[in-house]
Amino acid sequence: MQAPITPANEAQRLQALQALKLLDTAAEPRFDRLTRLVQQCLDCPIVLISLIDEQRQWFKSRQGLEACETPRDISFCGHAILTDQLFEISDARLDPSFADNPLVTAAPFIRFYAGAPLTINQQRIGTLCLIAPEPRQLTPQQRQNLRDFADAVEQEIIDRLQEQAEQELKASRDQYQALVNNIPGITYRCQADPNWTMLYISGSIDPLSGYPASDFIQNKLRSYASVIYPPDRERLEQAVAQAIAQRHSWTLQYRVQHRDGSLRWVEERGQAEYDDTGQVRYLDGFILDINAEKQLKQQLLNLTAHLPGVVYQYQQWPDGRAAFPYASAALKRIYGVTPEQVKADATPVFAAIHEEDLAGLASSIEHSRQQLLEWRHEYRVKDLNGKVAWMAGNATPEAMPDGSVLWHGYIQDITASKQSFLALQQANQQLQLARERLDTASELALIGFWQASLKTGELWWSPAIFQIFGFDEANTTPSVALFKSTLHPDDRQKVALSEQQALISGIHDVSHRIIRPDGSIRWVHERARIVTDADNQERIMVGSVQDITERVQLQQLKDEFIATVSHELRTPLTVIKGALSLVNSGQLGVLPAASQKLLVAAQQNSERLAHLINDLLDMEKLVAGKMPFLRQPLQVQAQLAQAVHELEPFAAQYQVQLEVTPVESGLQLWADSLRLQQTLANLLSNAIKFSKPNSRVQLRAKPLAEHIRIEVEDNGLGIPEAFQARIFERFAQADTEQRRQKGGTGLGLAICKALIEQMGGEIGFQSAAGQGTLFYFTLPAVNADK
Amino acid sequence: MRILHVEDDEDIRAVTEIALVQLSGFQLCSCDSGAMALSLAQAFQPDLMLLDVMMPQMDGLQTLAALRRLPGLAAVPAVFMTARLQDAEKQQYLNAGAIAVLEKPFDPLTLGQQLQQYLSRPAADS
């Protein structure tokens, strides 16, 4: 078998074939009609329109054959396209080139073949061929018929190609039309005459004017000039005439009157076309309906007119030029220039800016321009009178195609808020200063401040606390647990108790020891109160801690000193008082009267000295809160009787009678018996001392609602009015003469007051000079029900 | 009645001696220190021991403890006398085995009576 050779111009041939766009397309009646005719006319079972591409023959139309393609190397048509002549094999079995061809030896068992080449654009792209399974020979007439049919097929192919091109053209024309119709503007070409005589105007003039484009062409029904809103016409004509004369293009805005009477804003950009002699041939232009834009602008204008600041667009070009393409009217208020004045050149605006802020402003704009980041800046502006106002601006930059940057922004006069901000800043600085002073003071006094949230347990410490507790501030996080860990084991309960009490009373007040990380022990005094945070209604505890170690040490030293002093004073006093007592007793012998008188005076004063020492120590204990009180229920009657019994000898000396008014039986009060007796002794001895001889001192008790009132009444001299206010003060005595006469330390009543108050009562007196004195005090009653 | 008195202050010893010997007719062994008391106590065989608290070397508490260890002195009643009477201290002295604590300055005219009273009342009551 011999495979068909490849034609010399195969590349061009394949290109021509591809250009037909026939391969692998669906069957078409125009070709099938012809092959059916051939089948009938030439009485042949198989008729094909075969197209030969690189690897195969493909059948655009086929009669009597199922396969739609076969390989090119076993094809008969591959041979047929090699010449312009009809290629005819009468009996393939007898032809050495085809005898062993599989199409011959097997189905469709080709014996007869005749193929007429199809030539399009000088290229043989395929054949119209006849195939029969028995040997045959065409007559010359039949050969001519086949050739004619092939020509008809060629014609169909060419017609088809043309139809296809026309369709494509139409499609692209439709597409173009659609595009033109969708362009928002109107394009036109007109004569340079007062009527704007249109040579062409696009259809979109219809929605704008309410008239079809055809009305305007050659002023068929109306001129374009007739739809221009009359008040705008002259301005428009002048501007166009000027632009034409200067050979510039023009951009103008004017109104078109619609058929329905409404006005539409348009923007027209146009230019003239000139002939060789410089005469205007016609005008070309583009009209854009900007009505919606104009309305929006008006809305924006209305809107911005009500804004306190300026809405603006600021544009800056690479060559340094800058302008405000848009700015709302408020620009005038802020910079003293109108938006029109800076529309093309921003310079007047910068002239208004405070010279000290100019550099900062420029660099902030430059930064925004380079990074295309939002611009935010505060700066000052000076008006013509030199009055300074603070501005805050912010704007969003946008890179424009021409390399410029356009900012859309807002500038606001913040003078008022800036001033209050500056005032606030100043106040803050002062506050800061005050805080620093407080910090310094608290550091010096070793007072720390803390704050704890009862809800979260969070704890904050001021720097002094770290110092007091011996912690390194940088590496310590305060916490309640950390604080607890510093507590001296013996004081833990005391602190916990005070904290519990604080939850009820709101006040925490405790002195306790802490152990520092280095093992040293310090005394601290804590005071705190529970407050409700105004911000979040959370209960927090705010407090202070003071290092009182030195104070405590001093206190201990003082205690020690007092104890020592009292010992050192009492020892010689014991000797003096004891010796005088022995001598004055007369049991050691009788002394001369003068000596006796002196020694009695010495003894009385030694006794006063002993009292004074005791009172001083009592007072000291009371003031320091160290006087122990053993409070228990006491029978009032028994206590009064005991006091009277103790004072009876003293009363006898003054020839004064002590009387106890009988007390309701079972009446009890709540007190320390030692301190109650001390108080009673004090009041009774005072009453005795200031009574006249042969008078009475009365002792009474009265139950009140929750207290017992005890009264000591004398008929003595009374308390001078001038002295009444000071009577409970320490070392208060009416006069020195009295002290000399009556003895006493001047501490007695001060001690009584402290004792009674410590036991939950009150003390007072009623007195009028010359009419005697009534001292009273109250103490809590023991409720009989309990 | 035989009283062992321990007191470092010589003047107080003198006043006490007049009060107890001359006015009350007691027999007195007066010692200026704990050490002296220890050396004399056994031979003296006191009925009551009266001790000052603040003394150099051995204070009253130490002296009492040492005296109580001597044969025959373990049960002799003791009374402390002090110029430094804080409430807590008083309790401390009673806990140390004293039957009473006397405060300085004391009244020499009634001292003998007071000691006699302490001896005649039950030991538990102080």
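The rules we used
- Residues numbered from 1 in each chain as written.
- Chains lettered and ligands numbered in written order.
- Predicted model: local features only at pLDDT ≥ 70, side-chain atom pairs only at ≥ 80, totals over all residues.
- Heavy atoms only, no water.
- Helix = DSSP H or I, 4+ residues; strand = E, 2+ residues; numbered from the N terminus.
- Rg over C-alpha atoms; globule rule 2.2 N^0.38 Å.
- Buried < 20%, exposed > 50% of the residue type's maximum accessible area, 1.4 Å probe, protein only.
- Areas by Shrake-Rupley, 256 points an atom, 1.4 Å probe, with all protein chains shown as cover.
- Lys, Arg positive; Asp, Glu negative; His and termini not counted.
- Charge placed at Lys NZ, Arg CZ, Asp CG, Glu CD.
- Pairing = 2+ DSSP bridges.
- Right-handed = clockwise from strand over helix to strand, strands pointing away.
- Axes fitted to C-alpha atoms, helices over the stretch in contact; angles between N-to-C directions.
- Contact = heavy atoms within 4.5 Å.
- UniProt positions renumbered as here; feature names shortened; annotations may be inferred.
- Phe/Tyr/Trp six-rings, centres within 6.5 Å; stacked < 30°, edge-to-face > 60°.
- Lys NZ or Arg CZ within 6 Å of the ring centre and 35° of its normal.
- Polar contact = N/O pair within 3.5 Å; in protein donor to acceptor, adjacent residues only side chain to side chain.
- Domains from an automatic or database assignment.
- Patch = residues over 30% accessible without salt bridge, like charges linked within 9 Å, V, L, I, M, F, W, Y side chains within 5 Å.
- Salt bridge = Lys/Arg side-chain N within 4 Å of Asp/Glu carboxyl O.
- Buried area = accessible area lost by both parts, 1.4 Å probe.
- Left-handed = near helix turned anticlockwise from the far one by under 90°.
- Core = buried A, V, L, I, M, F, W, Y, C linked by side-chain atoms within 4.5 Å.
- Parallel < 35°, antiparallel > 145°, perpendicular 65-115°, else oblique.
- Nonpolar A, V, L, I, M, F, W, Y, C, P; charged D, E, K, R; others polar.

**So, the overall build of chain A**
No. 1: Broken down by element type, chain A carries 23 helices and 28 strands.
No. 2: Relative to the globule expectation of 28 Å for 786 residues, the C-alpha radius of gyration of chain A, 63 Å, shows a markedly less compact shape.
No. 3: With the C-alpha coordinates of chain A rotated into their principal frame, the extents come out at 200 × 85 × 50 Å.
No. 4: Per-residue burial over chain A gives 42% buried out of 786 residues.
No. 5: If you sum the accessible surface of chain A, you get close to 43,000 Å²; carbon and sulfur atoms cover 53% of it.
No. 6: Charged side chains in chain A number 76 positive and 93 negative. The centres of these two groups are separated by 7 Å.

**Side note on the pairing of strand β4 (residues 78–82) of chain B**
Residues and elements named next belong to chain B.
No. 1: Most of β4 is tucked away, with five of its five residues classed as buried.
No. 2: The two faces of β4 match: Ala-78, Phe-80 and Thr-82 on one face and Val-79 and Met-81 on the other face are all buried.
No. 3: Of the pairings in the sheet, the one linking strand β3 (residues 48–52) to β4 comprises four bridges and is parallel in character. Its bridge partner being in β4, Asp-52 is matched across the sheet by Met-81.
No. 4: Taken together, β3, helix α3 (residues 60–68) and β4 constitute a β-α-β crossover, and its handedness is right-handed.

**Quick word on the sheet that holds strand β16 (residues 405–413) of chain A**
All names here are of chain A.
No. 1: With antiparallel pairing, the five strands of this open sheet are ordered in space as β13-β12-β16-β15-β14. Each end of this open sheet is capped by a strand with a single partner; those strands are β13 (322–327) and β14 (375–382). Averaged over all adjacent pairs, the angle separating strand axes in this sheet is 30 degrees, with direction ignored.
No. 2: In this structure, strand β15 (residues 388–399) lies alongside β16, joined through nine bridges in antiparallel fashion. Note on β16: the bridge partner recorded for Thr-396 is His-408.
No. 3: Relative to the sheet, helix α12 (residues 355–371) contacts β12 (310–316), β14, β15 and β16, its axis offset from that of β14 by approximately 155 degrees.

**Comments concerning the UniProt feature "modified residue: 4-aspartylphosphate" (unreviewed entry) in chain B**
Residues and elements named next belong to chain B.
No. 1: As recorded in UniProt, the sites labelled "modified residue: 4-aspartylphosphate" (unreviewed entry) are Asp-52.
No. 2: Position of Asp-52 among the secondary structure elements: in strand β3.
No. 3: Of the residues examined, Asp-52 reaches a relative accessible area of 2% and is grouped as buried.

**Topic: the packing of aromatic side chains**
Residue and element names in this part refer to chain A.
No. 1: Tallied over the full model, the rule gives 22 aromatic pairs over all chains.
No. 2: Centre to centre, the rings of Tyr-211 and Phe-216 are 6.4 Å apart; their planes meet at 75 degrees, and the pair counts as edge-to-face.
No. 3: Members of the aromatic cluster, joined through ring pairs, are Tyr-188, Trp-196, Tyr-211, Phe-216 and Tyr-224.
No. 4: Geometry around Tyr-776 places Arg-709 over its ring, the cationic atom sitting 4.0 Å from the centre.

**A look at the sheet that holds strand β1 (residues 2–6) of chain B**
Residue and element names in this part refer to chain B.
No. 1: With parallel pairing, five strands are arranged side by side in an open sheet as β2-β1-β3-β4-β5. On the outer flanks of this sheet lie β2 (27–31) and β5 (100–103), each paired with one strand and no other. Strand-to-strand twist across the sheet, computed as the mean angle between neighbouring axes with direction ignored, equals 20 degrees.
No. 2: Across the sheet, helix α2 (residues 34–44) lies against β1 and β2, angled at about 150 degrees from β2, the strand it touches most.

**Observations regarding the side chain of A:Ser606**
All names here are of chain A.
No. 1: Checked against the element boundaries, Ser-606 lands in helix α18 (residues 593–623).
No. 2: According to the relative accessible area criterion, Ser-606 is buried, its value standing at 4%.
No. 3: In terms of polar contacts, Ser-606 uses its side chain to reach the backbone carbonyl oxygen of Gln-603, at 2.7 Å.
No. 4: Setting aside residues no more than four positions away along its own chain, Ser-606 makes contact with Leu-573, Ile-576, Lys-577 and Leu-580.

**Quick notes on the domain arrangement of chain A**
By convention, interface size is frequently given as the accessible area that disappears when the constituent parts associate.
No. 1: Split by domain assignment, chain A resolves into domain 1 (10–166), domain 2 (183–293), domain 3 (307–413), domain 4 (445–547), domain 5 (554–621) and domain 6 (628–780).
No. 2: Each of domain 2 of chain A and domain 4 of chain A has a C-alpha centre, and the two are 88 Å apart.

**Some remarks on a nonpolar patch on the surface**
No. 1: Among the surface-exposed residues, A:Leu454, A:Leu503 and A:Ile504 lie close enough to one another that they form a single nonpolar patch of about 330 Å² accessible area.
No. 2: Looking at where A:Leu503 falls in the secondary structure, it is placed in helix α16 (residues 492–505).

**Some details on the environment of A:Leu48**
All names here are of chain A.
No. 1: The residue Leu-48 is located in strand β1 (residues 46–52) in this model.
No. 2: Among the residues examined, Leu-48 registers a relative accessible area of 2% and is labelled buried.
No. 3: Sequence-wise, Leu-48 and Ala-351 are 303 residues apart; in three dimensions their C-alpha atoms are separated by 90 Å.

**Remarks on the interface of chain B and chain A**
No. 1: Each partner contributes residues to the interface: chain B has 21 residues there, and chain A has 22 residues.
No. 2: Interface of chain B and chain A: buried area, both sides summed, is about 1,900 Å²; carbon and sulfur atoms make up 65% of it.
No. 3: Run the count over chain B and chain A and you get one salt bridge.
No. 4: The closest approach of N and O atoms between B:Glu103 and A:Arg570, which form a salt bridge, is 3.4 Å.

**Some words on unusual backbone geometry**
Residues and elements named next belong to chain A.
No. 1: With an omega dihedral of 5 degrees, the bond running from Ala-107 to Pro-108 counts as a cis peptide bond.
No. 2: If you check the backbone angles, Asp-24 has positive phi at about 55 degrees while not being a glycine.
No. 3: Residue placement: Asp-24 occurs in the loop between α1 (10–19) and α2 (29–41).
No. 4: A positive phi angle is found at Leu-372, which is not glycine, with a value near 50 degrees.
No. 5: Of note, Leu-372 is situated in the loop between α12 and β14.
No. 6: The class of Leu-372 is partly exposed, set by a relative accessible area of 40%.

**Some points on the packing of helix α17 (residues 549–584) of chain A against helix α1 (residues 10–23) of chain B**
No. 1: The N-to-C vectors of α17(A) and α1(B) enclose an angle of 35 degrees; their axes lie 8 Å apart at closest approach. Seen from above, α17(A) lies across α1(B) with left-handed handedness. Contacts between α17(A) and α1(B) pair A:Thr571, A:Thr574, A:Val575, A:Gly578, A:Ala579 and A:Leu582 from the former with B:Asp11, B:Ile12, B:Val15, B:Ile18, B:Ala19 and B:Leu23 from the latter.

**Comments concerning the pattern of salt bridges**
Residue and element names in this part refer to chain A.
No. 1: A complete count under the given rule lists 38 salt bridges over all chains for this structure.
No. 2: With a shortest N-O distance of 3.3 Å, Lys-382 and Glu-355 are connected by a salt bridge. Residue Lys-382 is located in strand β14, and its partner Glu-355 is located in helix α12; the two are separated by 27 residues in the primary sequence.
No. 3: Owing to a relative accessible area of 31%, Lys-382 belongs among the partly exposed residues under this scheme.
No. 4: We classify Glu-355 as exposed; its relative accessible area is 51%.
No. 5: Members of the salt-bridge network, linked through shared partners, are Arg-700, Lys-702, Arg-709, Glu-711 and Glu-713.

**Focus on the nonpolar core**
Inside soluble globular proteins, nonpolar side chains tend to come together where they are buried.
All names here are of chain A.
No. 1: Core analysis: the largest hydrophobic core is formed by 38 residues, its most contacted members being Leu-669, Ile-710 and Phe-777.
No. 2: For Phe-777, the contacting residues outside a window of four places in its chain are Leu-676, Thr-679, Leu-680, Leu-683, Ile-708, Arg-709, Ile-710, Ile-756, Glu-762 and Ile-763.
No. 3: Counting 28 residues, the second largest nonpolar core, distinct from the first, contains Leu-17, Leu-118, Ile-120 and Leu-146.

**Points about the packing of α2(B) against α3(B)**
Residue and element names in this part refer to chain B.
No. 1: Packing of α2 against α3 brings their axes to within 10 Å, and their N-to-C directions diverge by 20 degrees. Here α3 runs roughly parallel to α2, going by the angle between their axes. Viewed along their axes, α2 and α3 form a crossing whose handedness is right-handed. Between α2 and α3, the contacting residues are Gly-34, Ala-37, Leu-38 and Ala-41 on the first element and Thr-63, Ala-66 and Leu-67 on the second.
No. 2: The class makeup of the residues in the contact of α2 with α3 is five nonpolar, two polar and no charged.

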